Amino acid sequence: MKDGHGRTIDYLRISLTDRCNLRCIYCMPAEGVKLMSHDEILRIEEIARIARVATRIGIRSVRLTGGEPLVRLGVTDLVRDLANMPGIENISMTTNGVLLPRMADGLKEAGLSRVNISLDTLDPEQFTKITRLGSIQTTLDGIDAALEAGFNPVKINSVVVRQLNQDYLGFAKLSIDQPLHVRFIEYMPVGESEGIDGHGWGPEDVVPSEELLDIINERAKAEGLAPLEPIGGDDAPLGWGPARYFAFPGAKGTVGFISPLSRHFCGDCNRLRLTADGKLRPCLFSDREIDVRTALREGGDEAVYECFLEALDMKPDEHHDRVGTERRMSQIGG
Ligand code: SAM
Ligand code: SF4
């Protein structure tokens, strides 16, 4: 179905929980967020029911996220339900990877199509500094587990923040010998995080994708590597997101750039978001939400369908460079 601005909406991001086993500095406060009560959170069966109604407005692709989706009990059962749901063609997940070594095979068998694993640095010390609780090896083991379980594509999401001075070329090179699709994401002003050094998000923290591509190519040249070449069409890794893809000649994987700030892609936006507490959010950057949980519990499927129609109608044309949202990324579902 089309929204009020003529865009086809076929993608729903579902946050399964606001909890997480890490505390990334740009996403969560050190002490974690104030947890929602059991009753506030949608039950797994409720999420499946809402997804079924969503297929009636043309949702074909679902991404499970959070918080950390793998800490939510029943996640594998939900994947199985979604995989058997007429109308749903694609189920993906964004995860920090920590629990993949023990869960990847079961998720694959249940019908999960693909995974994105978040990894912002290749430096073990910096990893622990960014995630506050994590050790890099757990996430690297998660990436191996995803590849061994046969997920394809496996994408690595890396949020780029200027002060972190990440090893961009090192990341890009991960795509050479393994079928990994590295995606650099511009740091976005979502929620009121302390930011990297306690001052919150600022435009100076963002490394625009164009600049990043130049830096990677310069560093590649210094190492005697050929530059990244643009790819598209059938060669781009399966995806519904607005990334631009490149690859090193002969590489097994690709390098993508997601540029929500330097290159507005609102005109191609195809998504709605469902928060863990059952709010339908037409735009990541807008705090306007629709209470689909109450609609479901008090009205049933038809009331939920009405919520989806309202969300399509409410979806703004673009995010108008808004800075900050009331809820943090971990609460909205990044
Ligand atoms: N816990 C899972 C994970 O980390 O992949 C899923 C939820 S997390 C909120 C989803 C993605 O949002 C992660 O890749 C994370 O790095 C990204 N993210 C969080 N805050 C962000 C921000 N301010 N700007 C850009 N990406 C952000
Ligand atoms: Fe947790 Fe993901 Fe947020 Fe990190 S980015 S704190 S792993 S939800």
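You'll find the structure just up there.
Residues numbered from 1 in each chain as written. Chains lettered and ligands numbered in written order. Predicted model: local features only at pLDDT ≥ 70, side-chain atom pairs only at ≥ 80, totals over all residues. Heavy atoms only, no water.

## Quick word on the layout of surface pockets
Working step 1: Here the largest pocket is characterised by a volume of approximately 320 Å³.
Working step 2: Lining the largest pocket are 14 residues, and of these Thr17, Arg19, His38, Ile41 and Arg72 lie nearest its centre.
Working step 3: Residues of the lining of the largest pocket, tallied by class, amount to 6 nonpolar, 3 polar and 5 charged. (1 Å grid on protein atoms, 1.4 Å probe; cavity = no way out; pocket = protein on both sides within 12 Å on 5 of 7 lines; lining within 4 Å. Points joined across faces, edges and corners; volume = space filled by probe spheres on them. Nonpolar A, V, L, I, M, F, W, Y, C, P; charged D, E, K, R; others polar.)

## What about a negative patch on the surface?
Working step 1: Taken together, the side chains of Asp105, Asp141, Asp144 and Glu148 define an acidic patch exposed on the protein surface.
Working step 2: In terms of residue count, the dominant contributor to the negative patch is helix α5 (residues 136-148) (3 residues).
Working step 3: Classification of Asp141 as partly exposed rests on a relative accessible area of 34%. (Patch = residues over 30% accessible without salt bridge, like charges linked within 9 Å, V, L, I, M, F, W, Y side chains within 5 Å. Areas by Shrake-Rupley, 256 points an atom, 1.4 Å probe, with all protein chains shown as cover. Salt bridge = Lys/Arg side-chain N within 4 Å of Asp/Glu carboxyl O. Lys, Arg positive; Asp, Glu negative; His and termini not counted. Charge placed at Lys NZ, Arg CZ, Asp CG, Glu CD. Helix = DSSP H or I, 4+ residues; strand = E, 2+ residues; numbered from the N terminus. Buried < 20%, exposed > 50% of the residue type's maximum accessible area, 1.4 Å probe, protein only.)

## Here's the deal with the sheet that holds strand β6 (residues 180-186)
Strand pairing in a sheet is mediated by backbone hydrogen bonds. Such pairs are either parallel or antiparallel.
Working step 1: As summarised here, the arrangement of the 12 strands in space is β7-β8-β9-β6-β5-β4-β3-β2-β1-β10-β11-β12, forming an open sheet in which the pairing is mixed. Of all the strands in the sheet, the pair left with one neighbour each is β7 (229-231) and β12 (290-291).
Working step 2: Bridge count for strand β1 (residues 11-15) against strand β10 (residues 271-274) is 4 bridges, and the pairing is parallel. Counted as the bridge partner of Leu12 is Leu272 from β10.
Working step 3: Contacting β4 (114-118), β5 (154-160) and β6, α5 crosses the sheet at an angle of about 165° to β4. (Pairing = 2+ DSSP bridges. Contact = heavy atoms within 4.5 Å. Axes fitted to C-alpha atoms, helices over the stretch in contact; angles between N-to-C directions.)

## Let's talk about the packing of helix α6 (residues 168-177) against helix α7 (residues 209-222)
Working step 1: Running from N to C, α6 and α7 cross one another at 80°; their axes reach a closest spacing of 9 Å. The angle between the axes of α6 and α7 places the two elements in the roughly perpendicular class. When α6 is examined against α7, the residues Tyr168, Leu169 and Ala172 are found in contact with a partner set consisting of Leu212, Ile215, Ile216, Arg219 and Ala220.
Working step 2: The residue inventory of the contact of α6 with α7, partitioned by class, reads 7 nonpolar, no polar and 1 charged. (Parallel < 35°, antiparallel > 145°, perpendicular 65-115°, else oblique.)

## Comments concerning the packing of helix α8 (residues 292-299) against helix α9 (residues 301-314)
Working step 1: Between α8 and α9, the shortest axis-to-axis distance is 7 Å and the interhelical angle comes to 155°. Viewed along their axes, α8 and α9 adopt a mutual orientation that is roughly antiparallel. As for the relative orientation of α8 and α9, their crossing is right-handed in sense. Facing α8, whose interface residues are Val292, Ala295, Leu296 and Gly299, α9 presents Asp301, Ala303, Val304 and Cys307.
Working step 2: A breakdown of the residues in the contact of α8 with α9 according to their chemical character gives 6 nonpolar, 1 polar and 1 charged. (Left-handed = near helix turned anticlockwise from the far one by under 90°.)

## Focus on the nonpolar core
Working step 1: Counting 77 residues, the largest nonpolar core has Leu64, Phe184, Ile216 and Phe308 as its most contacted members.
Working step 2: For Leu64, the residues in contact, after removing those within four places along its chain, are Ile14, Leu16, Pro69, Leu78, Val79, Leu82, Ile91, Ser92, Met93 and Thr94.
Working step 3: By size, the runner-up hydrophobic cluster in this structure holds 10 residues, among which are Cys27, Met28, Ile130 and Tyr187. (Core = buried A, V, L, I, M, F, W, Y, C linked by side-chain atoms within 4.5 Å.)

## Observations concerning the site of ligand 1
Working step 1: By nearness alone, 17 residues border ligand 1, and Tyr26, Gly67, Glu68, Ser118 and Met188 come closest of all.
Working step 2: Here an oxygen atom of ligand 1 and a side-chain polar atom of Tyr26 are 3.0 Å apart.
Working step 3: The separation between a nitrogen atom of ligand 1 and a polar main-chain atom of Met188 is 2.8 Å.
Working step 4: Here the shell around ligand 1 is composed, by residue class, of 6 nonpolar, 9 polar and 2 charged. (Near = heavy atom within 4 Å. Polar contact = N/O pair within 3.5 Å; in protein donor to acceptor, adjacent residues only side chain to side chain.)

## Quick word on α8
Working step 1: Those residues of α8 not exposed but buried are Val292, Arg293, Ala295 and Leu296. The arc that holds every buried residue of α8, seen down its axis, measures 165°, which confines them to one face.
Working step 2: Against the buried residues of α8 lie α1 (44-56), β10, β11 (279-281), β12 and α9.
Working step 3: You can read the cap of α8 off the contacts: a side-chain oxygen lies 3.4 Å from the backbone nitrogen of Arg293, and it is on Asp291.
Working step 4: Just downstream of α8, Gly300 is the residue with a positive phi angle, here 90°. (Arc of directions from axis to C-beta.)

## What to know about α9
Working step 1: With 14 residues, α9 should cover 20 Å at 1.5 Å per step; its first-to-last C-alpha distance of 20 Å lies within 8% of that length.
Working step 2: Those residues of α9 that sit buried are Val304, Tyr305, Cys307, Phe308, Ala311, Leu312 and Met314.
Working step 3: In this structure, the buried residues of α9 make contact with β1, α1, β10, β11, β12 and α8. (Expected span 1.5 Å × (residues − 1).)

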